[in-house]
Amino acid sequence: MILEIKNYIKISNSIDEILKNSPFKMKYIIEKSGISEPTFFRKMKEKKFLPEELLKIAEIIEPEKISHDDILNAIQEGLDDVKNGRITEHMAVMNEAKGRIAKKKNEYFLDK
């Protein structure tokens with residue numbers, strides 16, 4: 001957790017440089033962020049963006065990272081589930097799926 005907080009502080013303190021080196025124009029970033037231009041520049045000068053605002057800005061300037069991070073998070077959640085015993089046996093999943101399919105078939109044929 002300490003590393004994540006240090007990274008957040010580093011990003012927050014260097015957001016002006018990050019945005020300057022971004023391939024996107026500042027006007028585009030401001031527009032997509034939903035923050036008014038005067039507020040955006042004030043927050044950038046004071047280095048006072050909220051974490052949610054920094055996340056939105058990151059999603060704007062690095063859109064390819066969103067799905068990559070989502071995949072990594074999903075993998076980690078899955079590993080945590082296995083580690084903590086939150087699993088379902090294969091046969092139980094298959095039986096549940098077969099039951100749902102049979103129910104849908106019955107509903108389909110009853111509607112005819």
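You'll find the structure just up there.
What comes next is a walk through the structure. The model shown is predicted, which means the values in this text are computed figures rather than measured ones.

Considering the packing of aromatic side chains
Centre-to-centre distance and the angle between the planes together describe a pair of aromatic rings.
In step 1: Taken as a whole, this structure holds 3 aromatic pairs when the rule is applied.
In step 2: Between Phe24 and Tyr28, the aromatic rings sit 5.3 Å apart at their centres with planes inclined by 20°, giving stacked as the arrangement.
In step 3: Here Phe40 and Phe49 contribute two aromatic rings whose centre-to-centre distance is 5.2 Å and whose plane-to-plane angle is 65°, an arrangement assigned as edge-to-face. Of the two residues, Phe40 and Phe49, neither departs from the other in class, the shared state being buried.
In step 4: Feature note: the residues Phe40, Phe41 and Phe49 constitute an aromatic cluster, connected by ring pairs.

Describing the nonpolar core
In step 1: Residues Ile15, Leu19, Ile29, Ile30, Ile35, Phe40, Met44, Phe49, Leu54, Ile57, Ile60 and Ile61 constitute the largest nonpolar core, which totals 12 residues.
In step 2: Sorting the residues of this core by element identifies helix 2 (15-20), helix 3 (26-33), helix 4 (37-46) and helix 5 (51-61) as the ones contributing at least two each.
In step 3: No other element matches helix 5, which puts 4 residues into this core.
In step 4: Discounting chain neighbours no more than four positions away, the residues touching Ile30 are Ile35, Ser36, Glu37, Phe40 and Phe41.

Conventions and cut-offs
Residues numbered from 1 in each chain as written. Predicted model: local features only at pLDDT ≥ 70, side-chain atom pairs only at ≥ 80, totals over all residues. Heavy atoms only, no water. Phe/Tyr/Trp six-rings, centres within 6.5 Å; stacked < 30°, edge-to-face > 60°. Buried < 20%, exposed > 50% of the residue type's maximum accessible area, 1.4 Å probe, protein only. Core = buried A, V, L, I, M, F, W, Y, C linked by side-chain atoms within 4.5 Å. Helix = DSSP H or I, 4+ residues; strand = E, 2+ residues; numbered from the N terminus. Contact = heavy atoms within 4.5 Å.

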